[in-house]
Protein chains: 2
Amino acid sequence: MDQFERRDFLKKATIGVAGGVAALAGCSPASDEKPGAPAVHTRKKYEWKMVTTWPPHFPILGEGADMLARWIDEMSGGQLKITVYGGGELIPPLEGFDAVSQGTVEMCHGAAYYWAGKAPATQFFAAVPFGMNGQQLNAWIYSGGGLDLWQELYAPFNLVAMPVGNTGVQMGGWYNREMNSIADFHGLKMRIPGLGGKVIAKAGGSAVLSAGGEIYTNLERGVIDATEWIGPYHDYLMGFFRAAKYYYYPGWHEPGTALELIVNRTAFEQLSSDLQRVVETAAARSNAWMLSEFEAKNSAYLGKLTTEHNVVLRRFSDEVLKTLRGFSVEVENEVAEVDPMSKKVYASFDAFRKNIDPWAALSEKLYYSAIGG
Amino acid sequence: MDQFERRDFLKKATIGVAGGVAALAGCSPASDEKPGAPAVHTRKKYEWKMVTTWPPHFPILGEGADMLARWIDEMSGGQLKITVYGGGELIPPLEGFDAVSQGTVEMCHGAAYYWAGKAPATQFFAAVPFGMNGQQLNAWIYSGGGLDLWQELYAPFNLVAMPVGNTGVQMGGWYNREMNSIADFHGLKMRIPGLGGKVIAKAGGSAVLSAGGEIYTNLERGVIDATEWIGPYHDYLMGFFRAAKYYYYPGWHEPGTALELIVNRTAFEQLSSDLQRVVETAAARSNAWMLSEFEAKNSAYLGKLTTEHNVVLRRFSDEVLKTLRGFSVEVENEVAEVDPMSKKVYASFDAFRKNIDPWAALSEKLYYSAIGG
């Protein structure tokens, strides 16, 4: 992926809303003969479809979807075969929730905040400004009751949810001017989706939505003043360093965005228990792999940005962060008030965060400030 | 596990060196009839043994071994059954490396630094004082070339290695006196194994080894002045708060200890590729789960220690940490000089760490100091 060209990357990022709706997914009993196996045996075979919200084979995220399908195929000895479709190849990128809910396809690989319009509480399972980082979010999901709430939230939609990755802490974004105080957010036109966009609006800016393929041009032409994307690796591939002068950190708006796999519940329940466990376990492996991959690639590409392209790094001041944090708390509470399930999920999320803080202060916080580095 | 009693915990922790050597592990073709399956089929079945370095069902670590075996059983549809033995139940806890190498048992669940006597470089795959934390160590292993080096290191022993978990940042340990300056380490008798013990020795103390079940009594009677163990959850279960006054942080000596699964290479290569993938994927799931579990449980039990037992928390001063870091660098370099493989592994470890630092400074470090909390 190192030789990845921005042109290819943009082409992939622009794959859009074309594409029809899939036929009902097949599930056909077939022979399962394998060379060298002690005996011929027949087991029910499944051919599933996984749509994704990413361009096909998109670095790390789409690659993760491809690997997930391959691991499931391999572990099941070919019993559960999953064809992966990039966003727009089979259905539009952001229609995966409905397609899986209705059983048009069996799986969607994406991020829960894309479904905020279906259920606002989904956002707590993806990214909350000034929320938890990847390690803490995983602790809440796996060991703090988060996963049960996620299933409860998705059950009415006939969906099963699983975490499949995390981006780690993102970068704060590319700006064509310096952001020295909160006043600099007044009138700022920034491409920033989700809850982060609502925070920017509270700060006096306007959150603009642009498809991935339009961001670079909009930034270059001054249609927008700023954009966030992901982190050094993906931002390098997008070439934003040619269109905006200042690269701000930290990514307060997405401190550890979780990626998600959703599975049609009816289809999942028809699988034998061994195949159910295969799917769950492949998802968890992907979760471990993806964060590792982000950490490794972002490390390498931060160096490329600063040494090859003289990118100007700027840190948001503590005062700016403090003000944005205040707006974020307002935004979180607004989400929590939308419906009872959002309130319930937020209560669990917030309690876990408050409980882990004193421990983090003695452990990971000091790792980064006094042990590592 | 919340009702876990210190007495039971100590009993488990004292399970010792008794126990014979296992018979050669069985591997018997058998019928694989399952109720409701479309057709009867016969696949080769395996019955394996996994020894562990932990007491049976030891919180998180032993539980992780149990879950690993269960996931593999379930995913393989009962084709690969693994019986888990606590340390001392089948062989002494620290003889797993030889037993798996020789094929006496197929698997051992433990930590790589227990095998420093076999190959010093193993320590870089477990815990290095002032080394990387769990997230960064995983990034090196999965995405930075670490896993290939681990296999290269273990190949002469006929072993395959996989990461299966991480403790997260540990605590600095329990002390019966305040540690205000590096001079306070002179003459200190501390139970601390591994590279951390070598650092303590350089600081003028003496590193004492005690079996888990003897630590409490030795600390209470003044045979030792201090001990490290793991973190708030396990330390609470051990009741150390009754035997020492000061609980120090951070755990500079083990900032993110990786747990390991080793598999006899011959046995592993005899598995069909689907079963090989099942083992690898279960290991990665365990890796994600274990760190989450440590984070969640340590958060909860830190609160119990401070609110229920008025434990006095003390932070090592920056000056103490700086001096210990200097000794740690000496210790690392001494390990790297022992043999060419240690030098090679250390070079990769150290290069990855130096490369990830600038990225961590813009991301996770600021998460802990300016975004979260």
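Residues numbered from 1 in each chain as written. Chains lettered and ligands numbered in written order. Predicted model: local features only at pLDDT ≥ 70, side-chain atom pairs only at ≥ 80, totals over all residues. Heavy atoms only, no water.

**Student:** Account for the overall build of chain A, naming residues and giving values.
**Tutor:** Counting its secondary structure elements, chain A contains 13 helices and 13 strands. Relative to its 373 residues, chain A shows a buried fraction of 61%. Looking at chain A as shown, the accessible area adds up to about 13,100 Å², and 51% of this sits on carbon and sulfur atoms. (Helix = DSSP H or I, 4+ residues; strand = E, 2+ residues; numbered from the N terminus. Buried < 20%, exposed > 50% of the residue type's maximum accessible area, 1.4 Å probe, protein only. Areas by Shrake-Rupley, 256 points an atom, 1.4 Å probe, with all protein chains shown as cover.)

**Student:** Can you lay out the pattern of salt bridges for me, pointing to particular residues and giving the numbers?
**Tutor:** The full count for this structure, using the stated rule, is 37 salt bridges over all chains. Across the pair Glu178(A) and Arg314(A) runs a salt bridge, and its minimum N-O distance is 2.9 Å. Here Arg314(A) lies in strand 13 (residues 312–315) and Glu178(A) lies in the loop between strand 7 (173–175) and strand 8 (189–191), a separation of 136 residues in the sequence. Here Glu293(B) ties to Lys297(B) by a salt bridge, and the two come within 2.8 Å at their closest N and O atoms. On the criterion of helical spacing, the pair formed by Glu293(B) and Lys297(B) is a turn pair, its members being 4 residues apart in helix 10 (residues 273–308). Its relative accessible area of 11% is what places Glu293(B) among the buried residues. For Lys297(B), a relative accessible area of 19% translates into the label buried. Salt bridges linked by common partners bring Glu74(A), Arg285(A), Arg277(B) and Glu280(B) together as one network. (Salt bridge = Lys/Arg side-chain N within 4 Å of Asp/Glu carboxyl O.)

**Student:** Help me get a handle on the relation of the copies chain A and chain B, residues and values and all.
**Tutor:** Take chain A, turn it by 180°, move it 0.0 Å along the axis, and it overlays chain B with an RMSD of 0.0 Å. Such a combination of rotation and displacement between the chain copies is what one expects of a two-fold axis. When you check the interface residues of chain A against chain B, 99% turn up at the interface there too, and the contact is symmetric in its surfaces. (Least-squares fit on C-alpha atoms with pLDDT ≥ 70 in both. Contact = heavy atoms within 4.5 Å.)

**Student:** Tell me about the confidence of the model for chain A, and please be specific about residues and values.
**Tutor:** Residues and elements named next belong to chain A. Residues of chain A with pLDDT of at least 70 account for 88%, and the chain-wide mean is 90. Scored below 50 in pLDDT, residues 1–7 makes 16 contacts in the model with residues more than four places away or belonging to other chains. Predicted confidence for residues 9–40 stays below pLDDT 50, and this span has 74 contacts to residues more than four positions away or in other chains. Overall fold confidence (pTM) sits at 0.91, and the ipTM for the predicted complex is 0.91. (pLDDT = per-residue confidence, 0-100.)

**Student:** An account of empty space enclosed by the protein is needed here, citing residue identities and associated values.
**Tutor:** Across all of its chains, the model carries 6 cavities of 30 Å³ or more by this definition. The volume enclosed by the largest cavity comes to roughly 200 Å³. Along the walls of the largest cavity sit 13 residues, with Asn138(A), Ala288(A), Leu291(A), Asn138(B) and Leu291(B) positioned nearest its centre. Elements supplying a minimum of two residues to the lining of the largest cavity: helix 4 (134–143) and helix 10 (273–308) of chain A together with helix 4 (134–143) and helix 10 of chain B. (1 Å grid on protein atoms, 1.4 Å probe; cavity = no way out; pocket = protein on both sides within 12 Å on 5 of 7 lines; lining within 4 Å. Points joined across faces, edges and corners; volume = space filled by probe spheres on them.)

**Student:** Please provide a residue-by-residue account of the packing of helix 10 of chain A against helix 10 of chain B, values included.
**Tutor:** One way to put it is that helix 10 of chain A packs onto helix 10 of chain B with a least axis distance of 8 Å and a crossing angle of 60°. The orientation of helix 10 of chain A with respect to helix 10 of chain B, classified from their angle, is oblique. Note on packing geometry: the crossing formed by helix 10 of chain A with helix 10 of chain B is left-handed. The segment helix 10 of chain A lies against helix 10 of chain B, with Arg277(A), Glu280(A), Thr281(A), Ala282(A), Ala284(A), Arg285(A) and Ala288(A) engaging Arg277(B), Glu280(B), Thr281(B), Ala282(B), Ala284(B), Arg285(B) and Ala288(B). (Axes fitted to C-alpha atoms, helices over the stretch in contact; angles between N-to-C directions. Parallel < 35°, antiparallel > 145°, perpendicular 65-115°, else oblique. Left-handed = near helix turned anticlockwise from the far one by under 90°.)

**Student:** Which residues make up helix 5 (residues 146–154) of chain A, and what are the values?
**Tutor:** For helix 5 of chain A, every residue scored as buried is listed here: Gly146(A), Leu149(A), Trp150(A), Gln151(A), Leu153(A) and Tyr154(A). Each element contacted by the buried residues of helix 5 of chain A is listed here: helix 3 (96–102), helix 4, strand 6 (159–166), strand 12 (258–264), helix 9 (265–270) and helix 12 (340–362) of chain A.

**Student:** An account of the interface of chain A and chain B is needed here, citing residue identities and associated values.
**Tutor:** Taken together, the 73 residues of chain A in the interface contact 72 residues of chain B. Both sides together, the interface formed by chain A and chain B hides about 6,600 Å², and carbon and sulfur atoms give 62% of it. On the chain A side of the interface with chain B, the three residues burying the most area are Trp359(A), Tyr368(A) and Ile371(A), jointly 13% of the side's total. On inspection of chain A and its partner chain B, the count reaches 4 salt bridges. (Buried area = accessible area lost by both parts, 1.4 Å probe.)

**Student:** Can you explain the environment of Asp148(A)? Please cite residues and give values.
**Tutor:** Mapped onto the elements, Asp148(A) comes out in helix 5. Relative accessible area serves as the criterion here: at 60%, Asp148(A) is assigned to the exposed category.

**Student:** Give me the lowdown on the pairing of strand 4 (residues 80–85) of chain A, citing residues and values where you can.
**Tutor:** Residues and elements named next belong to chain A. In this structure, strand 3 (residues 46–52) lies alongside strand 4, joined through 6 bridges in parallel fashion. Directly across from Lys-49, in strand 4, lies its bridge partner Thr-83. Where the polypeptide runs from strand 3 across helix 2 (residues 61–75) and back to strand 4, its parallel neighbour, the crossover connection is right-handed. (Pairing = 2+ DSSP bridges. Right-handed = clockwise from strand over helix to strand, strands pointing away.)

**Student:** I'd love a proper account of unusual backbone geometry, names of residues and values included.
**Tutor:** Residues and elements named next belong to chain A. For the bond from Tyr-249 to Pro-250, the omega torsion is -5°, close enough to zero to count as cis. In this structure, Asn-310 is a non-glycine residue whose phi angle is positive, near 50°. Checked against the element boundaries, Asn-310 lands in the loop between helix 10 and strand 13.

**Student:** Summarise helix 12 (residues 340–362) of chain B; cite the residues concerned and give the values.
**Tutor:** The end-to-end C-alpha distance of helix 12 of chain B, which contains 23 residues, comes to 35 Å, matching closely the 33 Å that a straight helix rising 1.5 Å per residue would cover. The sharpest bend along helix 12 of chain B reaches about 30° and sits at Ile356(B), with the proline Pro358(B) one to four residues further on. (Expected span 1.5 Å × (residues − 1). Bend = angle between axes of the 7 residues up to and from the residue.)

**Student:** Give me the lowdown on the pairing of strand 11 (residues 246–249) of chain A, citing residues and values where you can.
**Tutor:** Residues and elements named next belong to chain A. Of the two faces of strand 11, the one carrying Tyr-246 and Tyr-248 and the one carrying Tyr-247 and Tyr-249 are both buried. In this sheet, strand 11 lies alongside strand 7 in antiparallel orientation, the contact comprising 3 bridges. Each bridged residue has a counterpart across the sheet, and for Tyr-175 the counterpart in strand 11 is Tyr-246. In this structure, strand 11 lies alongside strand 13, joined through 4 bridges in parallel fashion. Note that in strand 13 the partner of Tyr-248 across the bridge is Arg-314.

**Student:** Break down the side chain of Glu364(A) for me, with residues and values.
**Tutor:** Mapping Glu364(A) onto the fold places it in helix 13 (residues 364–371). Here the side chain of Glu364(A) touches Asn133(B) through a polar contact of 2.8 Å, side chain to side chain. Residue contacts for Glu364(A): discarding those within four places in its chain leaves Gln135(A), Asn133(B), Val169(B) and Tyr368(B). (Polar contact = N/O pair within 3.5 Å; in protein donor to acceptor, adjacent residues only side chain to side chain.)

**Student:** Give a description of the packing of aromatic side chains that names residues and reports values.
**Tutor:** Each pair of aromatic rings is reported with the distance of its centres and the angle of its planes. All names here are of chain B. Within this structure, the stated rule accounts for 49 aromatic pairs over all chains. Between Trp-54 and Tyr-114 the ring centres are 6.2 Å apart and the planes differ by 65°, which places this aromatic pair in the edge-to-face class. Taken together, the residues Trp-54 in the loop between strand 3 (46–52) and helix 2 (61–75) and Tyr-114 in the loop between strand 5 (107–110) and helix 4 connect sequence positions 60 residues apart. Relative accessible area serves as the criterion here: at 6%, Trp-54 is assigned to the buried category. (Phe/Tyr/Trp six-rings, centres within 6.5 Å; stacked < 30°, edge-to-face > 60°.)

**Student:** So what's going on with the sheet that holds strand 5 of chain B? Residues and values would help.
**Tutor:** Across a sheet, paired strands are connected by hydrogen bonds in the backbone, their directions being either parallel or antiparallel. Residue and element names in this part refer to chain B. With respect to topology, 5 strands assemble into an open sheet ordered 4-3-5-12-6, the strand pairing being mixed. Where the open sheet ends on each side, the last strands, each with one partner, are strand 4 (80–85) and strand 6 (159–166). Within this sheet the neighbouring strands show an average axis-to-axis angle of 25°, counted without direction. Contacts from helix 5 (residues 146–154) reach strand 6 and strand 12 (258–264) within the one sheet, and its direction differs from that of strand 6 by about 135°.

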